[in-house]
Amino acid sequence: MSSLSDIPFLTPSTWREAANMLEGEATARVIAGGTDLMPNLRYGLTAPSALVGLHRLQNNGVREDGETLVLGALVTAHELGSHSLVVADLPELAQAT
């Protein structure tokens, strides 16, 4: 079993760059929050060829589209709970985050 430090950690600056890093890498894994992936790595349940971190990419935030609240792919719980639309219109959700 290899250690976590042996796995290359790639940090793309654009979504296109992230896609290029993953192309042809069948065992590379995307990591955003890591809540599911990290324990699996630590216990040797998965052995990716690389980790592609998405934390630097634009997440598209929180926005309203008609009557729908749209969340970007990487919106954090803090960002969601403190957004003015959520605080004003969904206080229970804001409090839960």
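Residues numbered from 1 in each chain as written. Predicted model: local features only at pLDDT ≥ 70, side-chain atom pairs only at ≥ 80, totals over all residues. Heavy atoms only, no water.

Caption draft 1: Focus on the overall build of the protein. Helix and strand counts for the protein stand at 5 helices and 5 strands. If you list the helices and strands of the protein from N to C, you get β-α-β-α-β-β-β-α-α-α. Its C-alpha atoms give the protein a radius of gyration of 17 Å, clearly above 13 Å, the size a compact globule of 97 residues would have. Principal axes of the C-alpha set define a box for the protein whose edges measure 50 × 30 × 15 Å. For the protein, contacts bridging at least 24 residues in sequence account for 37% of all contacts bridging at least 6. Accessible surface for the protein amounts to roughly 6,600 Å². Of this, 52% is attributable to carbon and sulfur atoms. Side chains of the protein give 5 positive and 11 negative charges; the mean places of these two sets differ by 10 Å. (Helix = DSSP H or I, 4+ residues; strand = E, 2+ residues; numbered from the N terminus. Rg over C-alpha atoms; globule rule 2.2 N^0.38 Å. Contact = heavy atoms within 4.5 Å. Areas by Shrake-Rupley, 256 points an atom, 1.4 Å probe, with all protein chains shown as cover. Lys, Arg positive; Asp, Glu negative; His and termini not counted. Charge placed at Lys NZ, Arg CZ, Asp CG, Glu CD.)

Caption draft 2: Summary view of the pairing of strand β5 (residues 68-71). Pairing geometry for strand β4 (residues 62-65) and β5, over 4 bridges, is antiparallel. Following the sheet pairing, R63 is matched in β5 by V70. (Pairing = 2+ DSSP bridges.)

Caption draft 3: Inspection of the confidence of the model for the protein at higher detail. Per-residue confidence for the protein gives a mean pLDDT of 87, with 96% of residues at or over 70. Within the protein, the lowest mean pLDDT, 86, falls on helix α2 (residues 37-42), and the highest, 93, falls on helix α5 (residues 91-96). (pLDDT = per-residue confidence, 0-100.)

Caption draft 4: Inspection of the sheet that holds strand β2 (residues 29-31) at higher detail. If you walk across this open sheet you meet the 3 strands as β1-β3-β2, and the pairing is parallel. Each edge of the sheet is formed by a strand with only one pairing partner; in this case those strands are β1 (9-10) and β2. Where β2 lies against strand β3 (residues 51-53), 3 bridges are found, and the strand directions are parallel. Across the sheet, residue I31 finds its bridge partner in β3, namely G53.

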